[in-house]
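# Inside the fold
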Amino acid sequence: MEAQTTPKLITIDRHINEEQDLHPEATGEFTFLLHDFTFAIRLIEREIRRAGLTDILGLTENTNIHGEAVRKLDQFAFEVIYRAMDHNGNLCVMACEESQGLMKIPEKYPKGKYVLVFDPLDGSSNIDVNITLGTIFGFYKRLDPDLRTDGSLEDVLQPGRKLVAAGYVLFGSSTVFVYSTGHGVNLFTYDPTVGEFLLTKRNIKIPEWNNQYSVNEGYYHKWDEKFQKYIDFIKTPSTDKKRPYSLRYVGTAVADVHRVLIYGGIFMYPGDKSNPNGKLRLMYEANPLSFVIEQAGGLATDGKMNILDIVPTSVHQRTPLFIGSKRNVEELMEFLS
Ligand code: AHM
Ligand code: MG
């Protein structure tokens with residue numbers, strides 16, 4: 001019997017290998033890195049899916065360096081990623097939301113040429129209510145790739161434009177892994193029965209515009225007048241029926257940005273009177289998300305400049321974030337300028 005022609009069954013490992021062929025200079029190290037990273041993600045996914053069944057819900061006695069309560073799943077995700085990535089010889093340093101300083105590679109393991117920044121579990125206030133969580137990540141090449149010493153602060157503090165790969169994992173009704181190495185954005189869906197991420201959407205393009213917005217509007221009274229005027233505008237009905245926009249807000253940045261990637265529209269976390277730089281962290285939240293959205297044809301700004309061009313000055317710095325469809329972000333910018 002003749003074999004049927006079926007669409008290619010592409011696992012994430014196969015895709016990573018095929019992408020490597022696009023980079024003639026690639027040594028394969030990066031392929032190993034992503035392989036180990038997806039292993040950590042599989043363990044986190046398993047833990048999240050069991051969260052309601054085990055005693056893992058609730059606060060640890062600790063709070064993280066931002067004074068926020070760290071929940072047990074955050075701690076688990078943080079440790080699993082660190083332990084899956086600390087020994088493969090490809091990283092020289094890591095930085096993440098849950099750790100005050102840089103996370104060094106243990107002395108006994110070799111150091112490599114890549115830097116990992118990550119938010120192990122984004123949307124932690126949603127853990128106890130079974131609402132979508134995420135993991136955000138970005139990889140940089142260290143400034144001098146020939147060094148085999150510990151990575152430095154300078155190696156970490158690179159603008160988002162320099163990311164060699166970035167993406168996020170969304171633990172929603174299914175688990176999806178979305179990432180880009182600078183050649184478009186691809187989406188993989190997790191099949192728990194075989195433990196594999198399978199390519200389900202290739203080269204995703206964000207819609208040019210949509211009448212959906214996403215922001216925590218409870219802070220309206222603290223916003224500056226220009227931003228308030230924009231929000232008033234998009235809520236005012238227009239004769240062409242394009243307005244009012246609809247509001248969607250999950251409170252997990254990964255989920256809100258993922259919806260914007262697929263449906264279009266805009267997600268915003270502005271600065272306000274009490275927090276001029278907003279809440280989201282540049283290095284491991286705004287940058288990777290902006291990298292993906294820009295690769296899909298969208299835009300991300302802090303209100304003044306492109307997020308990816310900001311030169312970071314500290315690992316945990318915050319930034320206002322306005323991200324989404326090109327025409328939505330441009331419309332907002334007319335109000336802010
Ligand atoms: P987290 O990393 O501690 O979970 O905080 C970041 C989250 C984002 O996912 C989300 O966009 C934002 O906090 C929601 O904040 P707010 O509750 O102020 O709307
Ligand atoms: Mg976060």
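Quick note: structure is the one above.
First, a word on what this report is: a plain description of the structure on this page. (Residues numbered from 1 in each chain as written. Chains lettered and ligands numbered in written order. Predicted model: local features only at pLDDT ≥ 70, side-chain atom pairs only at ≥ 80, totals over all residues. Heavy atoms only, no water.)

### Quick word on the pairing of strand β10 (residues 196-201)
Rule in force here: Pairing between two strands requires that DSSP report at least two bridges joining them. In DSSP terms, a helix is any run of H or I states spanning at least four residues, a strand is any run of E spanning at least two, and both are numbered starting from the N terminus.
The pairing of strand β9 (residues 186-191) with β10 spans five bridges and is antiparallel. Bridging from a neighbouring strand, Y190 pairs with F197 of β10.

### With respect to the site of ligand 1
Selection criterion: Summary of the distance rule: residues count as near a molecule or strand when at least one heavy atom falls within 4 Å of that molecule or strand. The definition of a polar contact used here is a pair of N or O atoms within 3.5 Å, where within protein one atom must be able to donate a hydrogen and the other to accept one, and adjacent residues in sequence count solely through side-chain atom pairs. Shrake-Rupley sampling with a 1.4 Å probe provides the accessible areas, and residues are treated as covered by the protein chains on show and by no other component. Note on residue categories: nonpolar means Ala, Val, Leu, Ile, Met, Phe, Trp, Tyr, Cys or Pro, charged means Asp, Glu, Lys or Arg, and polar means any other residue, Gly included. What counts as a domain boundary in this text is fixed by an automatic or database domain assignment.
Taken together, 18 residues are adjacent to ligand 1, and G123, Y219, Y249, A253 and Y269 come closest. Between ligand 1 and the protein, one listed contact pairs an oxygen atom with a side-chain N or O atom of D119 at 3.4 Å. Separating an oxygen atom of ligand 1 from a side-chain N or O atom of Y249 is a distance of 2.5 Å. Coverage of ligand 1 by the protein amounts to 89% of the 470 Å² it exposes when considered alone. Only β5 (114-122) and β13 (266-269) provide two or more residues apiece to the shell around ligand 1. In terms of residue class, the shell around ligand 1 is built from six nonpolar, five polar and seven charged. Both domains that meet at the shell around ligand 1, namely domain 1 (12-201) and domain 2 (212-336), each give it at least three residues.

### Quick notes on the packing of aromatic side chains
The following threshold applies: Pairs were defined over the aromatic rings of Phe, Tyr and Trp, the Trp ring being its six-membered one, requiring ring centres within 6.5 Å. Orientation was assigned from the angle between planes: stacked under 30 degrees, edge-to-face over 60, tilted for the rest. When a residue's accessible area, from a 1.4 Å probe over protein chains only, is under 20% of the maximum for its type it is buried; when over 50% it is exposed; and in between it is partly exposed. The criterion for a charge sitting over a ring is simple: Lys NZ or Arg CZ within 6 Å of the ring centre, and within 35 degrees of the ring normal.
For the structure shown, the criterion picks out 20 aromatic pairs. With centroids separated by 4.6 Å and ring planes inclined at 50 degrees, the aromatic side chains of F37 and F137 adopt a geometry described as tilted. Linking F37 in helix α2 (residues 29-50) with F137 in strand β6 (residues 133-141), this pair joins segments that are 100 residues apart in sequence. No difference in accessibility class separates F37 from F137, as the two residues are buried. Centre to centre, the rings of Y190 and F197 are 4.8 Å apart; their planes meet at 45 degrees, and the pair counts as tilted. As far as the burial class goes, Y190 and F197 line up, both buried. Connected via pairs of aromatic rings, a cluster forms that spans F30, F37, Y114, F137, F139, F177, Y179, F188, Y190 and F197. Above the ring of W209, the side-chain terminus of K242 is found at 5.7 Å from the ring centroid.

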